[in-house]
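Descriptive analysis of the structure
Letter by letter, the chains look like this.
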Amino acid sequence: MRPRHVVIIAYVIAVALFIFLPVVMLVLYSFQDGLVPVPPFRGFSLRWYQKVFENRKLLEAMGNSVIVGGLSSAVATILGFLAAYGLARSRPRGGNAIQYALMAPITVSYLIIGMGLLIAFNGIGIDRSLLAVGVGHVVINLPLCFAIAYSQLGEHQANVERAAQDLGASDLQALVLVTVPMLWPTLIAAFFIAFTLSWDEFVIAFLLSKFDVTLPVVIWNMLRSGLSPELNAAGTLVFATSIVLVIVVELLLARGRRHG
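Source: prediction; values computed, not measured.

This part takes up the overall build of the protein. Per the secondary structure count, the protein includes eleven helices and zero strands. With the principal axes as the frame, the protein shows a C-alpha extent of 70 × 65 × 30 Å. For the protein, with 260 residues in total, the buried portion stands at 37%. If you sum the accessible surface of the protein, you get close to 15,000 Å²; carbon and sulfur atoms cover 70% of it. When the 17 basic and 13 acidic side-chain charges of the protein are each reduced to a single mean position, those positions are 8 Å apart.

The next thing to look at is the side chain of threonine 186. Take threonine 186: it is sitting in helix H8 (residues 171-200). Here threonine 186 falls in the buried class, since its relative accessible area comes to 6%. Not counting residues within four places of it along the chain, the set of residues in contact with threonine 186 comprises Ile148, Ala149 and Gln152.

The next thing to look at is the packing of helix H4 (residues 95-103) against helix H6 (residues 130-152). Packed helices, taken two at a time, are described by the angle their axes make and the gap between the axes. Two numbers describe how H4 lies on H6: the axes approach to 8 Å, and their chain directions differ by 135°. Relative to H6, H4 is oriented oblique. Side by side, H4 and H6 meet where Gln99, Leu102 and Met103 of the first sit next to Leu142, Pro143, Phe146, Ala147 and Tyr150 of the second. Considered class by class, the residues forming the contact of H4 with H6 number seven nonpolar, one polar and no charged.

Counted according to the given criterion, the structure contains eight aromatic pairs. Their ring planes at 40° and their centres at 6.1 Å tell us that phenylalanine 81 and tyrosine 85 sit as a pair that is tilted. Note that phenylalanine 81 and tyrosine 85 are positioned in helix H3 (residues 56-90) at a spacing of four residues, about one turn of the helix. Taking relative accessible area as the criterion, phenylalanine 81 reaches 5% and is therefore assigned buried.

A word on the nonpolar core. By size, the foremost hydrophobic cluster in this structure holds 29 residues, and its most contacted members are Leu58, Trp199, Leu208, Leu215, Val218 and Ile219. Not counting residues within four places of it along the chain, the set of residues in contact with leucine 208 comprises Gly114, Leu117, Leu118, Phe121, Arg128, Ser129, Ala132, Val133 and Gly136. One finds Tyr85, Ala88, Phe146 and Leu183 within the second-largest nonpolar core, a separate group that totals eleven residues.

Locating asparagine 64 in the fold gives a position in helix H3. Taking the relative accessible area as the measure of exposure, asparagine 64 reaches 14% and is therefore buried. In this view, asparagine 64 contacts Leu130, Asp212, Val213 and Thr214; residues no more than four positions away in its chain are not counted.

Another point: the confidence of the model for the protein. Summary statistics for the protein give a mean pLDDT of 82 and a share of 92% for residues scoring 70 or more. Summarising per-element confidence for the protein, the mean pLDDT is lowest in helix H7 (residues 155-166) (75) and highest in helix H9 (residues 203-208) (92).

Attention shifts here to H7. Taking 1.5 Å per residue as the helical rise, H7 with its twelve residues ought to reach 16 Å, and the 16 Å between its terminal C-alpha atoms agrees with that figure. Turning to H7, its buried residues are Gln157, Ala158, Glu161 and Ala164. Take H7 and look down its axis: the buried residues cluster within an arc of 120°, on one side only. Exposed and oriented more than 90 degrees from the buried face of H7 are His156 and Asp166. Lining the buried residues of H7 we find H3, H6 and H8.

So, how was this worked out
Residues numbered from 1 in each chain as written. Predicted model: local features only at pLDDT ≥ 70, side-chain atom pairs only at ≥ 80, totals over all residues. Heavy atoms only, no water. Helix = DSSP H or I, 4+ residues; strand = E, 2+ residues; numbered from the N terminus. Buried < 20%, exposed > 50% of the residue type's maximum accessible area, 1.4 Å probe, protein only. Areas by Shrake-Rupley, 256 points an atom, 1.4 Å probe, with all protein chains shown as cover. Lys, Arg positive; Asp, Glu negative; His and termini not counted. Charge placed at Lys NZ, Arg CZ, Asp CG, Glu CD. Contact = heavy atoms within 4.5 Å. Axes fitted to C-alpha atoms, helices over the stretch in contact; angles between N-to-C directions. Parallel < 35°, antiparallel > 145°, perpendicular 65-115°, else oblique. Nonpolar A, V, L, I, M, F, W, Y, C, P; charged D, E, K, R; others polar. Phe/Tyr/Trp six-rings, centres within 6.5 Å; stacked < 30°, edge-to-face > 60°. Core = buried A, V, L, I, M, F, W, Y, C linked by side-chain atoms within 4.5 Å. pLDDT = per-residue confidence, 0-100. Expected span 1.5 Å × (residues − 1). Arc of directions from axis to C-beta.

Okay, structure coming up:
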């Protein structure tokens, strides 16, 4: 093996260790029987996962995260798709400017978005709540859903839509009965990507929630009292959920490419 290849392999291994070692340690010590998640490993146990599922606050926060993530991701996917469809089919004057405006939230930090929404909600009399968090997650996820849908709206779909309209379908019927079924893997993938981001998001959820909070906020509150294997178990469940969602997204996108 050439020295250059050895250096490349060593570099890849070093990068992989740098990225994945913290995650491996998190998962490993969530199964530790000891009270403190530090070396040495003190035996295998599932009791910390049992404590997680017996922790009412964690379970309520998990349910809140599912509700906020599901509803906000559905709204972001629908609005993003409709915006992408309108720009792709009508091609209005100034379409590039509209596209840049829709993508602008990606360039703004979550802290700024959260603070801006908090000020706006206070100005119109809306208190901090899960609804406010959901609105914030729509704001940050809509640009991504728009970009995913817009990238898949090509001439092939337009030709099929025109053929359906020639056969008597209205614009709405062509959209609902032709375009959406052709793009369903892409739309579901966009939904799951948005859900993954909402599931993990902390800053906006922290700023805009009050009594009912999402899972990342509860985990942060647990961190304030120090590390514990129960916290590792909760973090492992969050990480595992994100990984499962990413795998689902990849499978859906691959299916969409095969049928595209």
